[in-house]
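Architecture and fold: a report
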Amino acid sequence: MADQPTQVQHDGPTPSRRDFIYVASGAVGAVGVALVAWPLIDQLNPDASVKALASIEFDLSGIEEGQTLTIMWRGLPVFVRHRTADNITVAQNTPLTDLKDPEPDSARVKEGHEQWLIMIANCTHLGCIPVGDAGDFGGWFCPCHGSHYDTAGRVRKGPAPKNLVLPPYDFVSDTLVQIG
Ligand code: FES
């Protein structure tokens with residue numbers, strides 16, 4: 001037999017105050033169960049703490065100038081872009097007053113390694129992965145709702161509120177980077 005739709009019966013033509021309190025407390029109970037269940041499920045996940053500490057080393061030597069690779073770090077896509085001299089000049093010469101989330105290019109890269117741009121590859125609007133070498137500013141374009149990012153991954157146009165996020169990383173050598 002098919003399930004019947006749940007019916008709510010009231011004493012009168014409109015719900016009484018007592019009915020409302022009953023329905024409201026039922027909803028709180030469901031949320032309470034969810035909050036208790038989550039830590040239990042989380043504890044059962046054996047690799048949660050390992051994941052939290054994970055870092056990766058990545059060899060940059062195979063990435064040609066002008067090329068972007070997407071790698072995975074802690075389950076997130078990360079863009080590794082080998083910027084051209086032109087990409088760098090344009091990014092450095094952009095006035096901060098033109099930016100929605102003002103950050104100088106120097107805050108987006110490591111000193112002495114300005115050719116490398118490393119960013120989490122999720123649009124800061126709703127998380128889509130933007131397309132490289134696209135958009136009005138020579139950086140990335142997110143086709144989901146039309147956000148444009150420049151050659152430093154800074155948002156320039158569209159609904160995204162922030163620049164693409166930088167993961168923690170450091171250069172181990174000129175060609176080896178550690179992310180995380
Ligand atoms: S998710 Fe990128 S613009 Fe909406």
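See above for the structure.
A brief look at the structure comes next. (Residues numbered from 1 in each chain as written. Predicted model: local features only at pLDDT ≥ 70, side-chain atom pairs only at ≥ 80, totals over all residues.)

**Description of the overall build of the protein chain**
Helix and strand counts for the protein chain stand at 3 helices and 10 strands. When the elements of the protein chain are put in sequence order from the N terminus, they spell out α-α-β-β-β-α-β-β-β-β-β-β-β. Here the protein chain holds 180 residues, and 22% of them are scored as buried. (Helix = DSSP H or I, 4+ residues; strand = E, 2+ residues; numbered from the N terminus. Buried ≥ 20, exposed ≤ 12 C-beta atoms within 10 Å, placed from the backbone.)

**Some remarks on the sheet that holds strand S9 (residues 169-171)**
One open sheet holds the 3 strands; their spatial order is S1-S10-S9, and the pairing between them is antiparallel. Every other strand in the sheet has two partners, leaving strand S1 (56-59) and S9 as the edge strands with one partner each. Within this sheet the neighbouring strands show an average axis-to-axis angle of 25°, counted without direction. Of the strand pairs in this sheet, S1 and strand S10 (residues 176-179) are connected by 4 bridges, and their pairing is antiparallel. Within S10, the position partnered with Asp-59 by the bridge is Leu-176. (Pairing = 2+ DSSP bridges. Axes fitted to C-alpha atoms, helices over the stretch in contact; angles between N-to-C directions.)

**Overview of the nonpolar core**
Counting residues in each nonpolar core, the largest one holds 23 residues, and the members touching the most others are Val-78, Ile-118 and Met-119. Sorting the residues of this core by element identifies strand S3 (76-82), strand S4 (116-120), strand S6 (138-142) and S10 as the ones contributing at least two each. Here this core takes 4 residues from S4, the largest share from any one element. Those residues in contact with Met-119 that sit more than four places away from it in its chain are Val-78, Phe-79, Gly-153, Leu-164, Val-165 and Leu-166. (Core = buried A, V, L, I, M, F, W, Y, C linked by C-beta atoms within 7 Å. Contact = placed C-beta atoms within 7 Å.)

**Remarks on the sheet that holds strand S2 (residues 68-73)**
In spatial order, the strands read S2-S3-S4; together these 3 strands make up an open sheet with antiparallel pairing. Looking at strand neighbours, the two that pair on one side only are S2 and S4, the edges of this open sheet. On average, each strand axis in the sheet is tilted by 25° relative to the strand beside it, whichever way the strands run. Sheet topology places S2 next to S3; 6 bridges connect them, and they run antiparallel. Directly across from Thr-68, in S3, lies its bridge partner Arg-81.

**Thoughts on unusual backbone geometry**
Peptide bonds are trans in most cases, and residues, glycine excluded, mostly fall at negative phi. A positive phi angle, close to 50°, is found at Arg-74, a residue other than glycine. Position of Arg-74 among the secondary structure elements: in the loop between S2 and S3. Given 15 C-beta atoms within a 10 Å radius, Arg-74 is considered partly exposed. Although it is not a glycine, Asp-133 adopts a positive phi angle of roughly 50°. Judged by the 13 C-beta atoms lying within 10 Å of it, Asp-133 falls in the partly exposed class.

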